Amino acid sequence: MKIGVLALQGDFLEHRRSLSSLGVESAEVRLPAQLDGLDGLIIPGGESTTIGKLMVAYGFVDALKQFAREKAIWGTCAGAILLSQDAGRDQDLLQVMDIHIARNAFGRQVDSFETELPAPFLSPAEPPFHAVFIRAPIITHVYGRARALITLADGRVVAARQGKLLATSFHPELTPDTRFHRFFLELAQSPHAE
Ligand code: GLN
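The numbers attached to residues start from 1 for each chain and follow its sequence in the written order. Residue-level local features of this predicted model are given only where pLDDT is at least 70; pairs of side-chain atoms are given and counted only at 80 or more, and the full residue set underlies all totals for whole chains, interfaces and linings. Each side-chain value is worked out from all heavy atoms of the structure, with water and hydrogens disregarded.

### What about the nonpolar core?
In this text, buried Ala, Val, Leu, Ile, Met, Phe, Trp, Tyr and Cys residues form a nonpolar core when linked through side-chain atoms within 4.5 Å. Think of it in three bands: with a 1.4 Å probe and only protein chains considered, a residue is buried below 20% of the maximum accessible area for its type, exposed above 50%, and partly exposed in between. Grouped together as the largest cluster of nonpolar side chains are 32 residues, with contacts concentrated most on L6, L41, I43 and M55. Only DSSP runs of H or I with at least four residues qualify as helices, and only runs of E with at least two residues qualify as strands; both kinds are numbered from the N terminus onward. Of all the secondary-structure elements, those providing two or more residues to this core are β3 (40–43), α2 (48–57), α3 (60–70), α4 (78–83), β5 (99–102), β10 (157–162) and β11 (165–168). Contact definition: two residues touch when any of their heavy atoms are within 4.5 Å. Non-local contacts of L6, meaning those with residues more than four positions away in its chain, are made with F12, V29, L41, I42, I43, P44, I51, M55 and F60. Ranked by size, the runner-up nonpolar core spans 30 residues in total, among them A7, A119, L122 and A188.

Below you can see the structure in the form of structure tokens.
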């Protein structure tokens, strides 16, 4: 099992640290050829417009669309934006998940916050997951093959899955809790996309 972490911009080191604490081999991906031989890819948090522009500049867009047909991809925060079909403005996206996103959707006063999220699909299912939101997007529309995974009490969706593709508004790599990373490793190991 080898997981790549897209290292164009953002908090890729934190994801590598979470993976290494699970004893999983990881690699920083800066060129499309480095996707070869990976079982999955994490697109970290950061600035989605910057990461999107760099993806285009380095020729990642077609390579990642192809990767997404067979392999697992997890986008956290900016990474989730890049997986979406629509982020409500003109920016470079991969458009591989049937979700729409609103960026910086929690407003200035709560730019960053932390909360406990029930996540019964994690193993173990308790305690709730301590989620860190930093200028986070929300998933405004889940359709087609995508499914909502975590919905806040007010109905806003902050995690979604589509086969082996995973999008989270928050940053599991910024906490010592590795259950989300283990969930992603299970997706990467599963033989089928659905
Ligand atoms: N606000 C950033 C964006 O819109 C995402 C923030 C993050 O990744 N923590 O791209």
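### Overview of α2
For α2, the complete set of buried residues consists of S48, I51, G52 and M55. Down the axis of α2, the buried set is contained in an arc of 100 degrees. They therefore lie on one face. Those residues of α2 that are exposed and angled more than 90 degrees off the buried face are K53 and A57. Residues of α2 that are buried in the fold lie against β1 (2–6), β3, α3 and α4. In the stretch just after α2, G59 is the one whose phi turns positive, near 75 degrees. Directions from the helix axis toward the C-beta atoms define the arc.

### A word on the site of the ligand
Near the ligand you find G45, G46, E47, S48, C77, A78, I81, R103, N104, I134, R135 and H171, and these make up its full shell. In protein, a polar contact means a hydrogen-donor-capable atom and an acceptor-capable atom, both N or O and within 3.5 Å, with residues adjacent in sequence counting only if both atoms are side-chain atoms; elsewhere, any N or O pair within 3.5 Å suffices. Between the ligand and the protein, one listed contact pairs an oxygen atom with a side-chain N or O atom of R103 at 2.6 Å. Contact between the ligand and I134: a nitrogen atom at 3.0 Å from a main-chain N or O atom of the residue. Protein contacts shield 95% of the accessible area of the ligand, which totals 300 Å² for the unbound molecule. The class makeup of the residues in the shell around the ligand is four nonpolar, five polar and three charged. The near set for a molecule or strand comprises every residue that places at least one heavy atom within 4 Å of it. Each accessible area is a Shrake-Rupley estimate made with a 1.4 Å probe; only the visible protein chains count as cover when residues are assessed. The classification used treats Ala, Val, Leu, Ile, Met, Phe, Trp, Tyr, Cys and Pro as nonpolar, Asp, Glu, Lys and Arg as charged, and all other residues, Gly among them, as polar.

### Considerations on the side chain of H171
Among the structural elements, H171 can be located in the loop between β11 and α5 (179–189). Sequence-distant contacts of H171, that is, excluding residues within four places in its chain, are made with D11, G45, C77, V132 and I134.

### A few points about the pairing of strand β2 (residues 25–29)
Pairing of β1 with β2, which is carried by five bridges, proceeds in the parallel orientation. From the neighbouring strand, I3 faces β2, where its bridge partner is S26. If the strands point away from the viewer and the path from the first strand over the helix to the second runs clockwise, then the crossover is right-handed. Regarding topology, helix α1 (residues 12–21) serves as the crossover connection from β1 to the parallel β2, and that connection is right-handed. A strand pair is defined by DSSP finding two or more bridges across the two strands.

### Some words on the environment of A136
Counting through the fold element by element, A136 comes out in the loop between β7 (129–134) and β8 (138–142). Under the relative-accessibility criterion, A136 is labelled buried at 2%. Note: C-alpha distance between A136 and F170 (34 residues apart in sequence) is 6.6 Å. In this view, A136 contacts C77, R103, N104, A105, F106, D111 and S169; residues no more than four positions away in its chain are not counted.

### Quick look at unusual backbone geometry
Residues S123 and P124 are joined by a peptide bond in cis, for which omega reads -5 degrees. Within the element layout of this structure, P124 appears in the loop between β6 (112–117) and β7. Following E126, the chain continues to P127 via a peptide bond in cis, the omega torsion being -5 degrees. The phi dihedral of Q95 falls on the positive side, at around 55 degrees, and the residue is not glycine. Given a relative accessible area of 38%, Q95 falls into the partly exposed group. You will see that N104, though not glycine, has its phi angle at about 45 degrees, which is positive. Structurally, N104 is set in the loop between β5 and β6.

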